[in-house]
Amino acid sequence: MSTHRRLSGAVALGLSTALTGAFAAPVLAVPAVPAAPAVPAGEAADGQAFHRLATLPAYENQLAADEEADRSAATVAEISTVTADGNTVIHTDAEAGGIGFVDITDPENPAADGFKPTDGPPTSVYATEAFIIVVTDQPEDFEHPVGKVEFWDPETRELIHGVELKGQPDSIDVSPDGSTALIAMENQRDEDREDVDGGLPQLPAGELAVIDLSGEDITSLDADAILYTDLTGLDGLDTPQDPEPEYVKFSPDGTRAALTLQENNGVVVFDAEGTVLDHFSAGAVSVDGIDTTEDGNLSLTDSITDTVREPDAIGWIGNDHVATANEGDWKGGSRGWTVFNADPGSEDFGSVVWDAGNTFENLAHRYGQFPEHRSENKGSEPEGLTVETYGDTTYAFVGSERGNFVAVYNVNDPANPVFTQLMPSTNGPEGLLAIPERNLMIVSSEEDDAEVGVRATVQVYRLGEGPAAVPTLKSADADGAPAGQPITWSALGALSAVPGEADQLYAAPDNFLSPSRIYTVDTTTGNDGGPATITSELTLEKGYDVEGLWADADGTFWLAVEGTAITDGEAGSEGNRLVHVDAEGQELASIDLPAEIAAGLRGQGLEGVTGYGSGEDVVLYAALQREAAGEDFARIAKFTPAAQDGAGAWEWFGYELEPTDVEGDWIGLSEITAVDEDTLALIERDKLNGPDAALKKVFTVDVPASGAATDAPAEEVEVLEKTEAIDVLPELRTLNGWTQEKLEGLAIAGNGNVYAVTDNDGVEDATGETVFLNLGAAADVFADSGQPGGPEPVKDFADNQPGSVYYAPVRWMQSAGVTTGYADGTYRKGSEITRGESVAFLQRYLAPGYSADPADQDTPAFPDVPVGAPHFTPIAWAADEANQVTTGYADRTFRPGHDVTRSEFVTFLYRAAGPEDYTAPAESAFEDVPATGTHYEAISWAASEGLVNGYTDGDYRPYDPINRGEVAKVMYQYDLTTTD
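Cut-off values and rules
- Residues numbered from 1 in each chain as written.
- Predicted model: local features only at pLDDT ≥ 70, side-chain atom pairs only at ≥ 80, totals over all residues.
- Heavy atoms only, no water.
- Helix = DSSP H or I, 4+ residues; strand = E, 2+ residues; numbered from the N terminus.
- Rg over C-alpha atoms; globule rule 2.2 N^0.38 Å.
- Contact = heavy atoms within 4.5 Å.
- Lys, Arg positive; Asp, Glu negative; His and termini not counted.
- Charge placed at Lys NZ, Arg CZ, Asp CG, Glu CD.
- Buried < 20%, exposed > 50% of the residue type's maximum accessible area, 1.4 Å probe, protein only.
- Pairing = 2+ DSSP bridges.
- Axes fitted to C-alpha atoms, helices over the stretch in contact; angles between N-to-C directions.
- pLDDT = per-residue confidence, 0-100.
- Salt bridge = Lys/Arg side-chain N within 4 Å of Asp/Glu carboxyl O.
- Polar contact = N/O pair within 3.5 Å; in protein donor to acceptor, adjacent residues only side chain to side chain.

- In the annotation of an unreviewed UniProt entry, the entry for the chain reads Esterase-like activity of phytase family protein, and the organism field reads Citricoccus nitrophenolicus.

Thoughts on the overall build of the chain
Line of reasoning, step 1. From N to C terminus, the chain includes 12 helices and 53 strands.
Line of reasoning, step 2. Here the C-alpha radius of gyration of the chain, 31 Å, is about what a compact globule of 980 residues would show, namely 30 Å.
Line of reasoning, step 3. Summarising its shape, the C-alpha atoms of the chain cover approximately 95 × 85 × 55 Å along the three principal directions.
Line of reasoning, step 4. Pairs at least 24 residues apart make up 58% of the contacts formed inside the chain by residues separated by at least 6 positions.
Line of reasoning, step 5. Once the 50 positive and 173 negative side-chain charges of the chain are each reduced to a mean point, those two points are 6 Å apart.

Remarks on the pairing of strand 32 (residues 492-497)
Line of reasoning, step 1. Burial analysis of strand 32 places 5 of its 6 residues in the buried class, the great majority of the element.
Line of reasoning, step 2. Both strand 32 and strand 33 (residues 504-509) contribute to a ladder of 5 bridges, which runs antiparallel. Its bridge partner being in strand 33, Leu492 is matched across the sheet by Pro509.
Line of reasoning, step 3. What sits between strand 32 and strand 33 in their antiparallel hairpin is a turn of 6 residues, with Gly500 showing a positive phi close to 85°.

Here's the deal with the sheet that holds strand 24 (residues 382-390)
Line of reasoning, step 1. The strand order 24-25-26-27 describes an open sheet built from 4 strands, whose pairing is antiparallel. The strands lining the two open edges of the sheet, one partner per strand, are strand 24 and strand 27 (418-424). Across this sheet, the average inter-strand angle for adjacent strands is 20°, counted without regard to direction.
Line of reasoning, step 2. Against the sheet, helix 3 (residues 359-366) touches strand 24, strand 25 (393-400), strand 26 (405-410) and strand 27, its axis set at about 125° to strand 26.

Notes on the confidence of the model for the chain
Line of reasoning, step 1. With 93% of its residues at a pLDDT of at least 70, the chain reaches an overall mean of 90.
Line of reasoning, step 2. Below a pLDDT of 50 lies the segment residues 1-41, which in the model reaches 90 contacts outside its immediate sequence neighbourhood of four places, other chains included.
Line of reasoning, step 3. Low pLDDT, under 50, characterises residues 786-793; the stretch is placed with 6 contacts to residues that sit more than four places away or in other chains.

Considerations on the sheet that holds strand 14 (residues 245-250)
Line of reasoning, step 1. Ordered by their spatial adjacency, 4 strands build an open sheet running 14-15-16-17, and the pairing between neighbours is antiparallel. Every other strand in the sheet has two partners, leaving strand 14 and strand 17 (276-281) as the edge strands with one partner each. Within this sheet the neighbouring strands show an average axis-to-axis angle of 20°, counted without direction.
Line of reasoning, step 2. The sheet contact formed by strand 14 and strand 15 (residues 256-261) spans 5 bridges and is antiparallel. Bridge pairing links Val248 to Leu259 in strand 15.

Considering the pattern of salt bridges
Line of reasoning, step 1. As enumerated under the stated definition, the model contains 40 salt bridges in all.
Line of reasoning, step 2. Here Glu769 makes a salt bridge to Arg52, at a shortest N to O gap of 3.0 Å. Separated by 717 residues along the polypeptide, Glu769 in the loop between strand 52 (753-758) and strand 53 (772-777) and Arg52 in strand 1 (residues 48-57) bring together distant segments of the chain. For the pair formed by Glu769 and Arg52, the shared burial category is buried.
Line of reasoning, step 3. Linking Arg462 and Glu108 is a salt bridge whose minimum nitrogen-to-oxygen distance equals 2.8 Å. Here Glu108 lies in the loop between strand 4 (98-103) and strand 5 (111-117) and Arg462 lies in strand 30 (residues 457-465), a separation of 354 residues in the sequence.
Line of reasoning, step 4. Judged by its relative accessible area of 42%, Glu108 falls in the partly exposed class.
Line of reasoning, step 5. Sharing partners across several salt bridges, the network here consists of Arg374, Lys378, Glu381 and Arg402.

Some points on the side chain of Asp271
Line of reasoning, step 1. Structurally, Asp271 can be placed in strand 16 (residues 266-271).
Line of reasoning, step 2. No salt bridge is formed by the buried Asp271; the nearest opposite charge belongs to Arg256, separated by 9.5 Å.
Line of reasoning, step 3. A distance of 2.9 Å separates a polar atom in the side chain of Asp271 from the backbone nitrogen of Glu273.
Line of reasoning, step 4. Setting aside its immediate chain neighbours within four residues, Asp271 contacts Thr255, Arg256 and Leu277.

Rendered as structure tokens:
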């Protein structure tokens, strides 16, 4: 096996070949850190989770049925079911007037499988072995409701039979043995009826329809054979003459069924034949610590008092308890969900066993998905709910119609539900379908608006080991607030490093929140697969449209504030400015964009600020999002606050934006970040999202030391040459959700990694999911960016001084170009290293000239390392057949973010080095490395070459993670053996 490696720098550096200590690293002293702020149970990055596999737009079913269909036509995915074999999801589509089919045989690649029109808009669907049963609404008017139940063949997808119903149906459920179907006949109210102010009563009264499915010939079923259970006259209800049934569900053993009467705030329990056993009121609740004021702010200081729950969906926890999603309707909605005793034989029947209080609503705030524009209504609005058992765990899934998420709870103990995870969805997750036989969970979403890029979807999740990849960002409990009350946040659009801190960032929202905030983000909680965490917030004196943020080492902040278009008929914009605030959020200075520049702008202005230096020596750069009138480039501003006797001086460069030919689209800049004093990184993106998204990239430009235009005329502005650093679109798509439009924030943290964040637009005309990404080491992301001048002399890392452990190996790594360390000047010898990082070290050392052209890659070597991903080139080198350093795992993944173990690293090196004629000894050099082990040959070779020598107890500890200092030592020793 051939390798290509750089010459050793060890001799030139005069480094000693003697190393102290074994491969086992000593314990390194680290400074104490504050205790992490509290986060709710269930957010630890361990155990099992539901992993998002795919997101399929509902309109794909229309295209599968008719390739000429209008892709922009309204089409939704509401209630869903699955065929008996578990391979086809069927969902209602009331907008298109039929049912859609999705093939989930391969759940990671669900396929649109067609559409069938129904006789009237469908309201619910249920699949058995024999039928696909669809109930439809055939509206005439509210006083004369008409519906239908249709029976379709699941094999041929042809209509078998249809029967008229005595009213308008809502939901359907079928007994576990398939013998009985129950249909909630709502006969919904007219919300505009004036004589009752849109409320109750409004006749005809709703009922429960009961259909016997046990007959041999369903075509013999007629309207007279359908039985109806009268629900009027139940005591304790608001208007017993108009029950308003909503959602029906059989118990797991099939002996009972429960039905919600939403507008009447009641629950009825039946036997298997649909006979009423008992009923109860869902009651009222008072909830504190919520936001009920629509004021452009997020503040958990409001409350609701004695508010009726008005439950929508209902599910059984075992056979004696029910859980309800308390969406609310004309009178109430508790913003949570409740567990009730549903055993008619119990003296506690109808009693509340557990209630969410404000905790469900708090999840929306904790994950940045609270719909502030719905504060005065019903907040996050829990609507859908289902309960199912996977293995030994029973889960409750509760969908937030307005917050666009599904909260998951372990309900093995109905009296003590435990939150386990939040599953971000697309807009309006109404259909929650559990498929425990395949460990799958399906979420279908009903909101569809092609004009703003919000499309209805079917999403597939699977229960598996390890933390879920999403959400990527959460908040800790607010300081000084009641226990469990989170820091509220949303609409993040700006990032900055925190001076002097390795693993922290600052983030700020745009004008969604007023007054403005600056949040501190701890990135380390995301290192093991969990979300990064907002740990604190600074509230500013004023509200700004913050589109850029840069933290000065002196403790102050610079903000890029976007202005607005002048609306009185004049051209131009107003309010674009740089704002300087102190560490307490008080404004120190405000510098308007020059008038001649502002005059050429409209609604898009400043979009990012960055800088270098500090205090009076600071130099700032800012980006303008789009071209000014009459110009064919976007502008990059250089602003020196101390110039011209403190008045400040503006200078200008140009940036050429990519073209687009998509109607309604435009390309713009959304962030600027300093890589070093003369290299800038900029986010360039389109206005598209979902499958249409095409451009979400980071480019770099080198800023010349002189020659910037000091006046406004376009002809004097030098347009800088740009270099693509990273395509972020593959990173966004690997999360298997709806690709977000607004890639807005970018920063290089003190740990040397590059982070990016998307703006969720405050959960309005957007899914609300925030994507926070670690794009990898800046040395890799910006490896191809131009650097002026020649190589600088090697300077010891701050944590690698002469006499310290591994000093010589780490210094050699610097000189050999294997590592540049972190941005704060450290190497971090005691830190663990990922598989991606370790392969990058090896490729830089052994094959520095290797390049993998993404254009020539039909498919990446590993599905979890797409083209453009961090470490893509080193991993492509490692997977190259000519090198065969790794073939990944059995599932064809590489898992670049996982820690590399001691055995894996030496195996990578062994395969890359390709030692000729090496034969491993019969006996192992280490007690815990058997001769039959997978990595035995590689570990034996490393020991024979003196690269490793194990621990004093005779063990090698092959499955322990290797740290960065150990990696340096092994590579350094290997280099010495090859140059002797």
